[in-house]
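Here's the letter readout for the chains.
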Amino acid sequence: MKKLIATLVTVVLSAGPAGTVHGAEAEPTAPGATPAITDLTLTLEHPESTTTDKREVTLSCDPPGGGHPTPAKACQELSARKGQFTQEAPGRVCTMEYAPVIAEAKGRWKGKATSFKREYDNNCKLHAHTGAIFEF
């Protein structure tokens, strides 16, 4: 029984949180090799808006750049999460307003192809779970 429980715990823990970047774990760069590139296209869309409200920026890391307003902060958060776009949001309180927003990311993280897409109930919940990455 103990072995079964330990196996189940291992399976659950290895599954990872929702919103995990596909292919996020990059191999370390060998000495003298070209560093792995991070180039992402980030999109926010508000499908319930009366106008077409779709915004898109680029984010590059190492060095931070692109059209993102705070690329250094966004890259630091993404790096600290090992390529995951979402984070836990303990203690963050958001209203129950329903104004859906879809966050999407496509591109390369540390040289590996990656994609992320998730719908949040409102901007507060989006920012609570994604931090600076989708603050544009």
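The coordinates are above.
Parameters at a glance
- Residues numbered from 1 in each chain as written.
- Predicted model: local features only at pLDDT ≥ 70, side-chain atom pairs only at ≥ 80, totals over all residues.
- Heavy atoms only, no water.
- Helix = DSSP H or I, 4+ residues; strand = E, 2+ residues; numbered from the N terminus.
- Polar contact = N/O pair within 3.5 Å; in protein donor to acceptor, adjacent residues only side chain to side chain.
- Core = buried A, V, L, I, M, F, W, Y, C linked by side-chain atoms within 4.5 Å.
- Buried < 20%, exposed > 50% of the residue type's maximum accessible area, 1.4 Å probe, protein only.
- Contact = heavy atoms within 4.5 Å.
- Phe/Tyr/Trp six-rings, centres within 6.5 Å; stacked < 30°, edge-to-face > 60°.
- Lys NZ or Arg CZ within 6 Å of the ring centre and 35° of its normal.

With that settled, the discussion passes to the side chain of T43. Looking at the element boundaries, T43 is found in strand β1 (residues 38–45). A polar contact of 3.4 Å, which involves the side chain of T43, links it to the side chain of E56.

Looking now at the nonpolar core. Membership of the largest hydrophobic core comes to 20 residues, with the highest contact counts inside it found for L42, F85 and F134. Ranked by the residues each element gives to this core, the list is headed by strand β3 (residues 101–109), at four residues. The contacts of F134, once residues within four sequence positions are left out, are L42, T43, L44, F85, A103, E104, A105, F116, L126 and H127.

Scanning all chains against the criterion turns up four aromatic pairs. Where F85 meets F134, the ring centres are 6.3 Å apart and the plane angle is 50°; that geometry is what we call tilted. With F85 in the loop between α2 (71–80) and β3 and F134 in the segment after α3 (123–130), this residue pair connects regions lying 49 residues apart in the sequence. A single burial state applies to F85 and to F134, both of which are buried. Ring geometry for F116 against F134: centres 6.1 Å apart, planes inclined by 35°, an arrangement best described as tilted. Note that F116 is positioned in strand β4 (residues 112–120) and F134 in the segment after α3, a separation of 18 residues in sequence. Pair check on accessibility: F116 and F134 agree, each one buried. Connected via pairs of aromatic rings, a cluster forms that spans F85, F116, F134 and F136. We note K110 situated over the ring of W109; from NZ or CZ to the ring centre the distance is 5.2 Å.

On their own, these measurements won't tell you what the molecule is for.
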